[in-house]
Every structure is written in structure tokens, then in C-alpha cells.
Amino acid sequence: MRSFLPDYAIQAPGTLAEALGILAAEPGAWTPIAGGTDLMVLFNAGRLPGRRLLDISRIYELRGIEDDPSRLSLGSLITYSELLEQRAVHQFFPNLVKSARATGALAIQNRGTLGGNIVNASPAADTPPSLLAYGAEVQLVSVRGSRWVPYDAFHLDYKKMDLAPDELVARIRLPKPQGLGFHFYRKVGTRQAQAISKVCLAAYARIEDRVVTELRVGLGSVAPVPLRARRAEAAVAGHPLEALPIEEARRAVLEDISPIDDIRASAHYRRVVTGNVLAQMLTELGQSRFTPGHP
Ligand SMILES: Cc1cc2nc3c(=O)[nH]c(=O)nc-3n(C[C@H](O)[C@H](O)[C@H](O)COP(=O)(O)OP(=O)(O)OC[C@H]3O[C@@H](n4cnc5c(N)ncnc54)[C@H](O)[C@@H]3O)c2cc1C
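What you see is a predicted model, and the numbers here were worked out from it, not measured in a lab.

## Let's talk about the overall build of the chain
A count of helical and extended segments in the chain gives 11 helices and 14 strands. On C-alpha atoms alone, the chain measures out to a radius of gyration of 20 Å, which is about the 19 Å that the 2.2 N^0.38 rule sets for 295 residues. Once the C-alpha set of the chain is aligned to its principal axes, its extents read approximately 65 × 45 × 35 Å. Taking all 295 residues of the chain together, 50% fall into the buried category. A fraction of 63% describes how many contacts in the chain between residues 6 or more apart in sequence connect residues 24 or more apart. As presented, the chain carries roughly 13,800 Å² of accessible surface, and 53% of it is formed by carbon and sulfur atoms. Distance between charge centroids for the chain: 5 Å, based on 34 positive and 30 negative side chains.

What follows is the structure in C-alpha cells.
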């Protein structure tokens, strides 16, 4: 049943200090709302937990982009449309561009935020695999201070995060890839757009002297949380581009994942497709030509 708006209280602080004070006074009582694209679906269905909303969308400290030579720091309120306008995102993080384009349609891209996508913690969300592949870190703030958490340690279990009830995600920081790199993003869904992924894989590989010195693979929709394919990564790192152990990596990735059957796909389908997309990525990696300075 639809929710009844007058049953809800809402506060819309203009500063971060004010918002953190409200959260600290009654930890867990207030639900932060940014773009509202996930929360309003729950509201419409009468399934929004709690009756008090903390509208954080006006907090200027959660906005803005800091672009320095070694990294990019994005305010958690950045929308998909804003991400797509950033030259540095296109230049250094093309997987993030592809994931933003693959998210919903224009209305969702105009309102939905990167911070909301992270904290909604859907295993099928589109940006987490890219953030994992790029070694992102998230900044969590509260009245107690600020801390940075590697994004690959943030999701603990299904919808459980290293995020206290009085904390907000303030920024997402991405180290800029240096030297020669390879980027890959593939969302497998029923349609190219406006479909929740059945399997999503993002990868970034660093190449030196035609050897893969580092590989990071982020996966979505194949476990209770978005996760790094650590075993597959380890199977490939250190190998020359001419002799990538594709079949070994395909076997290893099956150890990394724990997919379930659901309405979108069977666990078996997800296992086969994850192996196939990984093999596709490694085949493209092996055939790639790299240009210094251009990811
Ligand atoms: C029609 C439709 C299509 C969609 N398509 C896609 C898709 O293709 N891919 C995809 O990944 N998602 C999709 N979504 C989901 C949604 O749009 C995204 O997850 C979006 O990024 C959520 O951001 P938001 O700001 O709207 O989050 P909100 O709904 O405002 O919040 C989501 C959660 O995050 C918390 N939160 C938000 N910001 C913060 C913060 N800074 N600190 C702490 N907690 C915070 C909220 O309390 C809430 O729990 C779709 C949604 C709809 C309605």
C-alpha cells in the first residue's frame, strides 16, 4: 500500500555539521535521502523503514569535484549526469562513464547519486564494479570525525556496510591510473539500458613491458555484495599479454563468486556468463594496443 506523506517528518539541513548533529543526537532514527530514486520506490510501496527523512541534497560539502594529478575526489551527491559531464572521468575512468550511462534512463541519471548507489548496497548496482576495479575509497563522516575506507572493504554482507548510523558518505576518491592501462566494462542484462544486470564485470589492468603488473576485477550480481574477483586477478597478474591464462582465470573466478537463482537469472547462468565475460575481457586485454597517457 502507498505511504501517506503527512505521516513522515523531514529535515533539510544546509550544512554538514547540522546534518551530522541530527544523526548523532538520535543514531538510526533519521534516514538520509539524497536523490530519493531508491527510497521513493520504497515509499510508494509503503515499505520505507522509519518515518523520519534527513534530506541531505542541499549540503554543499557533499558536492564538488577535486581533481589533482594523482586522484579525483567526488562529492557523494554527484549525479550520473554530472559524472558524465566531467572530462577527467572520461579521461581516467571510462568504466565509470559506461556504468553511469547504463544506469536507468535520463530522469534517474539526473537525480540518482553515486553515494546513494553505494549505500543502497544492491549487489546488482551498476557503479560498484567500476569503483572496485579502480581501487576507490569512501570517506565516512560523523561528529566523531572522518575516516577513509577502501571500497572493497565497505560492503560486509547483503545490505550490511561498514557505516555507522551516525555516519554519512561524504566523498569517493579514485587514484588516477598511471602509465599504460586497459579498461573494460560489461553489463549483461535483458536489455542494454533500463534493465537490472544479471552479471556485471568491470576491470582495470596496468601494463608494463607487455606484462600485466596489476589486475583489478569488480563483479556485480554474483554474490550478496559487489566484490573483487581476487582469485581470478591473482591467476592473471604477472603474465605477459601474449600468454594470459584465460582458462585458469575462468576456473578461478568461479571460486570468487556465489550467485543465487532469482527472477532475473539462474545461478548456473550467472556462473557460465561470469566465466565467459571474464574470458572476453582477457582476450581483449591480450589483443590491446596501449598508448601512453591515454587509458
Ligand atoms: C526506474 C529506476 C531505474 C533504476 N535503474 C538503475 C540502474 O540501472 N542501475 C543502478 O545501479 N541503479 C538503478 N536504480 C537505483 C537508483 O537510481 C540508484 O541506486 C541511485 O544511485 C540511488 O541514488 P539516490 O541518491 O537516489 O539514493 P536515495 O534513494 O536517496 O538513497 C539510497 C540509499 O542510500 C542512502 N544514502 C544516500 N546518500 C547517502 C550518503 N551520502 N550517506 C549515507 N547514506 C546515503 C539512503 O539513506 C538510502 O538508504 C534505478 C532506480 C529506479 C527508480
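## A short note on the environment of V119
Along the chain, V119 turns up in helix α7 (residues 114-120). In this structure, the C-alpha to C-alpha distance between V119 and L282, residues 163 residues apart in sequence, is 30 Å. Among residues more than four places away in sequence, those in contact with V119 are M161, L163 and V169.

## Let's talk about the sheet that holds strand β5 (residues 71-75)
Taking strand neighbours across the sheet as the criterion, the five strands line up as β4-β5-β10-β6-β7 in an open arrangement whose pairing is antiparallel. Both outer strands of the open sheet, β4 (65-67) and β7 (145-150), are each paired with one neighbouring strand and no more. On average, each strand axis in the sheet is inclined to that of its neighbour by 20°, with strand direction left out of account. Where strand β6 (residues 137-142) and β7 come together, six bridges link them in antiparallel fashion. Pairing of V141 across the sheet is with S146, part of β7. Sheet strands touched by helix α1 (residues 16-25): β6 and β10 (168-175). Its angle to β10, the strand with the most contacts, is close to 125°.

## What to know about the site of the ligand
By nearness alone, 28 residues border the ligand, and P32, T37, D38, Y80 and D126 come closest of all. At a separation of 2.8 Å, an oxygen atom of the ligand approaches a polar backbone atom of G36. The separation between an oxygen atom of the ligand and a polar side-chain atom of T113 is 2.6 Å. For the ligand, whose free accessible area comes to 980 Å², the fraction covered by protein is 85%. Secondary-structure elements contributing two or more residues to the shell around the ligand are β2 (31-33), α2 (39-44), α7 and β10. A total of four residues in the shell around the ligand trace back to one element, the largest contributor, which is α7.

## Comments concerning α1
Helical geometry: 3.6 residues make up each α-helical turn, so side chains three or four residues apart lie on a common side. Among the residues of α1, L16, A19, L20, I22 and L23 are the ones counted as buried. The buried residues of α1 occupy an angular sector of 155° when the element is viewed end-on, so they sit on one face. Looking at α1, the residues exposed on the side facing more than 90 degrees away from the buried face are A17 and A25.

## What about the UniProt feature "domain: FAD-binding PCMH-type" (unreviewed entry) in the chain?
The residues that UniProt annotates with the feature "domain: FAD-binding PCMH-type" (unreviewed entry) are residues 1-179. In the segment residues 1-179, helix accounts for 31% and strand for 24%; the C-alpha atoms at its two ends are 54 Å apart.

## Quick look at the pairing of strand β12 (residues 199-208)
Buried residues dominate β12, accounting for eight of its 10 residues. Direction of pairing for strand β11 (residues 180-188) relative to β12: antiparallel, over a ladder of nine bridges. Each residue of the ladder has a partner; that of Y185, found in β12, is A202. With nine bridges joining them, β12 and strand β13 (residues 211-220) adopt antiparallel strand pairing. When the sheet's bridge partners are listed, L201 is paired in β13 with L219. In textbook terms, the turn of a hairpin is the stretch between consecutive antiparallel strands, and for β12 and β13 this stretch comprises two residues, one of which, D209, has a positive phi near 50°.

## What to know about the pattern of salt bridges
Evaluation of the coordinates by the stated rule reveals 19 salt bridges. Here D166 ties to R144 by a salt bridge, and the two come within 2.6 Å at their closest N and O atoms. Taken as a pair, D166 in the loop between β9 (160-161) and β10 and R144 in the loop between β6 and β7 lie far apart in primary sequence, 22 residues in all. Residue R144 is classed as exposed on the basis of its relative accessible area of 56%. Via salt bridges that share partners, D152, R228, R230 and E233 belong to a single interconnected network.

## Some thoughts on the environment of G21
Mapped onto the secondary structure, G21 falls in helix α1. Sequence spacing of G21 and V143 is 122 residues, and the spatial spacing of their C-alpha atoms is 6.6 Å.

## Quick notes on the side chain of R173
If you trace the backbone, R173 turns up in strand β10. Its relative accessible area of 14% is what places R173 among the buried residues. Beyond its immediate stretch of four places on either side in the chain, R173 contacts R71, L72, S73, G135, A136, E137 and W148.

What counts as what
Residues numbered from 1 in each chain as written. Predicted model: local features only at pLDDT ≥ 70, side-chain atom pairs only at ≥ 80, totals over all residues. Heavy atoms only, no water. Helix = DSSP H or I, 4+ residues; strand = E, 2+ residues; numbered from the N terminus. Rg over C-alpha atoms; globule rule 2.2 N^0.38 Å. Buried < 20%, exposed > 50% of the residue type's maximum accessible area, 1.4 Å probe, protein only. Contact = heavy atoms within 4.5 Å. Areas by Shrake-Rupley, 256 points an atom, 1.4 Å probe, with all protein chains shown as cover. Lys, Arg positive; Asp, Glu negative; His and termini not counted. Charge placed at Lys NZ, Arg CZ, Asp CG, Glu CD. Pairing = 2+ DSSP bridges. Axes fitted to C-alpha atoms, helices over the stretch in contact; angles between N-to-C directions. Near = heavy atom within 4 Å. Polar contact = N/O pair within 3.5 Å; in protein donor to acceptor, adjacent residues only side chain to side chain. Arc of directions from axis to C-beta. UniProt positions renumbered as here; feature names shortened; annotations may be inferred. Salt bridge = Lys/Arg side-chain N within 4 Å of Asp/Glu carboxyl O.

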